[in-house]
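# Analysis of the macromolecular model
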Amino acid sequence: MITIRVLYFVLALALFTVVLLAVGLYYFVRAQRRKKYPYGKWEDILKRLTIVDRDSIEMIARDFTVESGRAGAQAVGPDLDPSEIWDLVGGMRGLEELEKNCEALVDLVFYVQQWYPEALLLAEQLRQSTREIQWRVARLKGAEKAGHLKDWFPEAAQRVVVQYLSMTHKVLALYERGGYPGLSELQRTL
Amino acid sequence: MHPTHIEILFWRLGLLGHCVLLLVLLVRHRAKVFPVFAALIGTNVVRSVVLYVVHLHAGRVPYLDTYFSFALVDFSLQIGVVWEIASKVFRPTGVWAADTRAGTLILLVVCAVVALVIASMPAPPERRVLKDLLDRGNLLSSVLVCELFLGMVALSVQARLPWKTHAARIAQGLGCYSLLGLLTAGVHNITGLVRRLPVSHEVSVFREATYLVCLVYWIVTLWPNGPPPRELTPEMRRFLFGVERSLEYNLKKLRLLKK
């Protein structure tokens, strides 16, 4: 006769076995997928990219370049105030999206390695830029907690945007130069 | 108490399998790398012979005493094998990674608690205290081996480690057998008493047969040499040592800043 104690034991055993098999299956599928697509799946990498308003970030980057070169060249151009930069970037959330996009950009270059092994150098450069962007965003988060976000945001956000834009240019140039598949989708997304 | 034909067949095949496996472990010098596993297989060989002799020349009581004594040794060695394989898989350089030590320890404690909870749950189907304890002990080691196997699978996928090392082969065989051990324990608890109901008996036979398959698997996979270890060149080792030191220093600085 099945007592309540036996029932509990069998249920616990069944739960344990199901969890065990489910976790095992998850890792098995992951290993198989990695074996099938050692460089990742193009569509999956592209899906990770969030579409960013290119005009806005280009405007911020232009402003930063003008600001940096103003002393020497006395260039005239857009002069954005901090609140405009905040709006154009989309605040901290916008910066976090750029941060995530950077990781996808590194993977997009890594993907090209299957035809062009030298792309590893660019992947490494982009990885370093990504680390820098992550560091800046982390500092901004720290400033947000400390209540100094307004002081730090404009310059840090501009630097992040410039670096991100430069990364996208490099990725597009690599795909254009090599004539790799998926260039048009990439241009549309970036 | 006369053994059935199938029990005699399993006994013979088991003894043969254990002898061949022990020979493989000794001849191919695997016993040096896995001393506890070799001791477990050696104990199984001695147990099979001793129990047979006791069964022939002594009574039921001495047979049961010998059986339980060997079972206790077997249980201790099984736990030892879990530790041996875990230490080979999770700390290949002989030391635990400094920053993951706390996390690993917590994970180990959680695994042990889960195993203890499951092992303490079943209603004792046996009246003898020692047999009950041994059943629970076997269940405990089965759960631990299953957890170890899962941890090894996860780590192999995560860190892209090879699946063909000898430690992985031993864990694969033990993992499959232990998973079946869990299912057997469940069936035994539902049917009430070991070997009284046909289903229970069939499950036990299936489990024994699986163990024989595991023995063959170990013999076949432990005979050839494993994949060569990916050794670091002295330059890379020095470079990594430097990186590790600077990381440790930076980490300390960052932690101080955080405080």
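Above this note sits the structure.
Quick notes on the rules
- Residues numbered from 1 in each chain as written.
- Chains lettered and ligands numbered in written order.
- Predicted model: local features only at pLDDT ≥ 70, side-chain atom pairs only at ≥ 80, totals over all residues.
- Helix = DSSP H or I, 4+ residues; strand = E, 2+ residues; numbered from the N terminus.
- Buried ≥ 20, exposed ≤ 12 C-beta atoms within 10 Å, placed from the backbone.
- Contact = placed C-beta atoms within 7 Å.
- Core = buried A, V, L, I, M, F, W, Y, C linked by C-beta atoms within 7 Å.
- Axes fitted to C-alpha atoms, helices over the stretch in contact; angles between N-to-C directions.
- Parallel < 35°, antiparallel > 145°, perpendicular 65-115°, else oblique.
- Left-handed = near helix turned anticlockwise from the far one by under 90°.
- Nonpolar A, V, L, I, M, F, W, Y, C, P; charged D, E, K, R; others polar.

## Considering the overall build of chain B
The secondary structure content of chain B amounts to nine helices and zero strands. Out of the 259 residues in chain B, the part that is buried amounts to 24%. Put simply, of all contacts in chain B between residues at least 6 apart along the chain, 71% involve residues at least 24 apart.

## Description of unusual backbone geometry
Backbone geometry at B:His29 places phi at a positive 60°, although glycine is not the residue there. Relative to the elements of secondary structure, B:His29 occurs in the loop between helix 1 (5-27) and helix 2 (30-33).

## Re the environment of B:Ala86
Mapped onto the fold, B:Ala86 is located in helix 4 (residues 60-90). Between the alpha carbons of B:Ala86 and B:Phe149 there is a distance of 9.0 Å; along the sequence they are 63 residues apart.

## Notes on the nonpolar core
B:Ile85, B:Val143, B:Leu148, B:Phe149 and B:Ala171 are the most contacted members of the largest nonpolar core, which totals 39 residues. Those elements that provide at least two residues to this core are helix 1 (4-36) of chain A together with helix 1, helix 3 (35-57), helix 4, helix 5 (101-120), helix 6 (129-159), helix 7 (166-191) and helix 8 (198-222) of chain B. No other element matches helix 6 of chain B, which puts ten residues into this core. Beyond its immediate stretch of four places on either side in the chain, B:Leu148 contacts B:Val82, B:Ile85, B:Ala86 and B:Ala171. Formed by 37 residues, the second largest nonpolar core is a distinct cluster that contains A:Ile57, A:Leu80, A:Leu122 and A:Phe153.

## Regarding the environment of A:Val162
Residue and element names in this part refer to chain A. Structurally, the position occupied by Val-162 is in helix 7 (residues 149-178). For Val-162, a count of 18 C-beta atoms within 10 Å gives the class partly exposed. In contact with Val-162, not counting residues within four places along its chain, are Ala-61 and Phe-64.

## Observations regarding the packing of helix 5 (residues 91-112) of chain A against helix 6 (residues 119-146) of chain A
Residues and elements named next belong to chain A. At a closest axis distance of 9 Å, the pairing of helix 5 and helix 6 adopts a crossing angle of 165°. It follows that helix 5 is roughly antiparallel to helix 6 by the angle criterion. Considering the relative orientation of helix 5 and helix 6, their crossing is left-handed. Packed against helix 5, whose contacting residues are Met-92, Leu-95, Glu-96, Leu-98, Glu-99, Cys-102, Glu-103, Leu-105, Val-106, Val-109, Phe-110 and Val-112, the element helix 6 presents Ala-119, Leu-122, Ala-123, Leu-126, Arg-127, Thr-130, Ile-133, Gln-134, Val-137, Leu-140 and Glu-144 at the interface. Here the contact of helix 5 with helix 6 is composed, by residue class, of 16 nonpolar, two polar and five charged.

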